[in-house]
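Given next are the chains, with one letter for each unit.
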Amino acid sequence: MKFLVINGPNLNLLGVREPEIYGRQDYAALQRFIEAAATELGAEVEIYQSNHEGCLVDRIQEALGRFDGIVLNPAAYTHTSVAILDALKAVALPAVEVHLSDVSAREPFRQISYAGMACLKTYAGLGFEGYRQALRFLAAYLRGERDA
Ligand code: DQA
């Protein structure tokens, strides 16, 4: 199984950026965490981060035929990007949404998720652990486990 993990704008500043919300570990630590989670599952993973909406759309499009599933944290584009939603729908790969923070308990403008409309599941408020749960869910889903 091969998964693509996509991270959106400002996640490259983890550790520096609002640490009381996003934690003190940096982006390199998140990458190591995701790689370890994939190894645990015997899966391959590619991790991509961009601050640019179109680059995120390009990567989703390029995933078709190359990956079995997508885990994505579109960051601020979660709440604005119909383009990312449409790209996810276009490739129709199983996708899971992750947010480090509990977006449901934050500002009203964070209450809508366009990307989430094309995702099987959302993990929010679990920090790095959300990515592990998302990869585990996708692996179980692809194995056809009913209670994935
Ligand atoms: C985020 C939540 C978004 O609302 C915010 O814009 C982010 C990060 C999270 O991981 O908690 O950049 O996706």
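If you're wondering where the values come from, they're calculated on a predicted model, not measured in any experiment.

Undergrad: Describe the nonpolar core, naming the residues involved and giving the relevant values.
TA: A general tendency of soluble globular proteins is for nonpolar side chains to be buried together. Membership of the largest hydrophobic core comes to 25 residues, with the highest contact counts inside it found for L14, V71 and Y131. Elements represented by at least two residues in this core include exactly β1 (2-7), α2 (27-41), β4 (95-99) and α5 (129-142). Per element, the largest residue contribution to this core is 6 residues, and it comes from α5. Those residues in contact with L14 that sit more than four places away from it in its chain are Y22, Q25, D26, Y27, L30, L100 and F128. Listed in part, the 19 residues of the second largest apolar core include Y48, L56, Y77 and L88.

Undergrad: Mind laying out the packing of helix α3 (residues 53-62) against helix α4 (residues 82-91), listing which residues take part and the relevant values?
TA: Viewed as axis vectors pointing N to C, α3 and α4 meet at an angle of 5°, and their least axial separation amounts to 9 Å. Overall, the two elements α3 and α4 adopt an arrangement that is roughly parallel. When α3 is examined against α4, the residues E53, L56, V57, I60 and Q61 are found in contact with a partner set consisting of A83, I84, A87, L88 and V91. Here the contact of α3 with α4 is composed, by residue class, of 8 nonpolar, 1 polar and 1 charged.

Here is what the cut-offs are and how they apply
- Residues numbered from 1 in each chain as written.
- Predicted model: local features only at pLDDT ≥ 70, side-chain atom pairs only at ≥ 80, totals over all residues.
- Heavy atoms only, no water.
- Core = buried A, V, L, I, M, F, W, Y, C linked by side-chain atoms within 4.5 Å.
- Buried < 20%, exposed > 50% of the residue type's maximum accessible area, 1.4 Å probe, protein only.
- Helix = DSSP H or I, 4+ residues; strand = E, 2+ residues; numbered from the N terminus.
- Contact = heavy atoms within 4.5 Å.
- Axes fitted to C-alpha atoms, helices over the stretch in contact; angles between N-to-C directions.
- Parallel < 35°, antiparallel > 145°, perpendicular 65-115°, else oblique.
- Nonpolar A, V, L, I, M, F, W, Y, C, P; charged D, E, K, R; others polar.

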